[in-house]
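One-letter residues, chain by chain:
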Amino acid sequence: MAFATIAATATATLSPMSASAGAIERACLSSDRAANNRSLCGCIQQAADLTLSNKDQRQAAKFFKNPQKAQDIRQSDNASHEAFWKRYKTFGETAAQYCG
């Protein structure tokens, strides 16, 4: 999905709080980061809903507890890891644009 499409969709659908907590939001809220507040974590979850499958979200949620896992996947030569990383980067750009 092109970033412009994601941006247009996000503008129409991102609200301060999601109806139910997804994997990313739960991981965000349980993290020890100083900025882990309900509004921000809900926004990040909505960006994840726009850009990542449920499987990708479960994978990405693991990064909150184990940042080294993200580094390992990013540096992996595995084709599925490379494809995931591209989707994860799009998610990160979307979240930064609308939640940051």
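Everything that follows concerns the structure shown earlier in this document.
A brief look at the structure comes next.

Observations concerning the overall build of the protein chain
Okay, so step 1: Of regular secondary structure, the protein chain possesses six helices and zero strands.
Okay, so step 2: Secondary structure of the protein chain in N-to-C order comes out as α-α-α-α-α-α.
Okay, so step 3: By residue count, 36% of the 100 residues in the protein chain fall in the buried class.
Okay, so step 4: Long-range pairs, those at least 24 residues apart, make up 63% of the contacts in the protein chain with a sequence separation of at least 6.

Comments concerning helix α3 (residues 38–51)
One full turn of an α-helix is made of 3.6 residues, so residues set three or four places apart face in the same direction.
Okay, so step 1: For α3, with 14 residues, the first-to-last C-alpha span of 20 Å sits near the 20 Å given by 1.5 Å per residue.
Okay, so step 2: Inspection of α3 places Cys-41, Gly-42, Cys-43, Ile-44, Gln-45, Gln-46, Ala-47, Ala-48 and Thr-51 among the buried residues, and these make up the whole buried set.
Okay, so step 3: Of the residues that open α3, the one with a side-chain oxygen 3.2 Å from the backbone nitrogen of Ser-39 is Asn-37.

Things to note about the state of the cysteines
As used here, a disulfide is simply a covalent bond connecting the sulfur atoms of two cysteines.
Okay, so step 1: Scanning all chains against the criterion turns up two disulfides.
Okay, so step 2: Disulfide pairing is shown between Cys-28 and Cys-41; the S-S distance is 2.0 Å. Linking Cys-28 and Cys-41, the disulfide has an S-S dihedral of approximately -65 degrees and is accordingly described as left-handed. Residue Cys-28 is found in helix α2 (residues 23–30), and its partner Cys-41 is found in helix α3; the two are separated by 13 residues along the sequence.

Examining the side chain of Ser-76
Okay, so step 1: Position of Ser-76 relative to the elements: it lies in the loop between α5 (67–75) and α6 (79–99).
Okay, so step 2: With near-sequence residues (within four places) excluded, Ser-76 lies in contact with His-81 and Glu-82.

Description of the packing of α2 against α3
Okay, so step 1: At a minimum axis distance of 8 Å, the contact between α2 and α3 shows a crossing angle of 150 degrees. In terms of orientation, α2 and α3 fall into the roughly antiparallel class. For the pair α2 and α3, the sense of crossing is right-handed. Judged by residue contacts, Ala-23, Ile-24, Glu-25, Cys-28 and Leu-29 of α2 engage Arg-38, Cys-41, Gly-42, Ile-44, Gln-45 and Ala-48 from α3.
Okay, so step 2: Among the residues making up the contact of α2 with α3, the classes are represented as seven nonpolar, two polar and two charged.

Quick notes on the packing of helix α4 (residues 54–65) against α5
Okay, so step 1: Their axes nearest at 5 Å, the elements α4 and α5 cross at an angle of 130 degrees. When the axis of α4 is compared with that of α5, the two are oblique. Seen from α4, the contacting residues are Gln-59, Lys-62, Phe-63, Phe-64 and Lys-65; seen from α5, they are Pro-67, Lys-69, Ala-70 and Ile-73.
Okay, so step 2: Classifying every residue of the contact of α4 with α5 by side-chain character gives five nonpolar, one polar and three charged.

What to know about the nonpolar core
Okay, so step 1: Counting residues in hydrophobic clusters, the biggest one holds 20 residues, and the most contacted among them are Ile-24, Ile-44, Ala-60, Phe-63, Phe-84, Trp-85 and Phe-91.
Okay, so step 2: The set of elements that each furnish at least two residues to this core consists of α2, α3, α4, α5 and α6.

Parameters and conventions
- Residues numbered from 1 in each chain as written.
- Predicted model: local features only at pLDDT ≥ 70, side-chain atom pairs only at ≥ 80, totals over all residues.
- Heavy atoms only, no water.
- Helix = DSSP H or I, 4+ residues; strand = E, 2+ residues; numbered from the N terminus.
- Buried < 20%, exposed > 50% of the residue type's maximum accessible area, 1.4 Å probe, protein only.
- Contact = heavy atoms within 4.5 Å.
- Expected span 1.5 Å × (residues − 1).
- Polar contact = N/O pair within 3.5 Å; in protein donor to acceptor, adjacent residues only side chain to side chain.
- Disulfide = S-S within 2.5 Å.
- Axes fitted to C-alpha atoms, helices over the stretch in contact; angles between N-to-C directions.
- Parallel < 35°, antiparallel > 145°, perpendicular 65-115°, else oblique.
- Left-handed = near helix turned anticlockwise from the far one by under 90°.
- Nonpolar A, V, L, I, M, F, W, Y, C, P; charged D, E, K, R; others polar.
- Core = buried A, V, L, I, M, F, W, Y, C linked by side-chain atoms within 4.5 Å.

Fair warning: the whole summary comes from geometry, so function is off the table for now.
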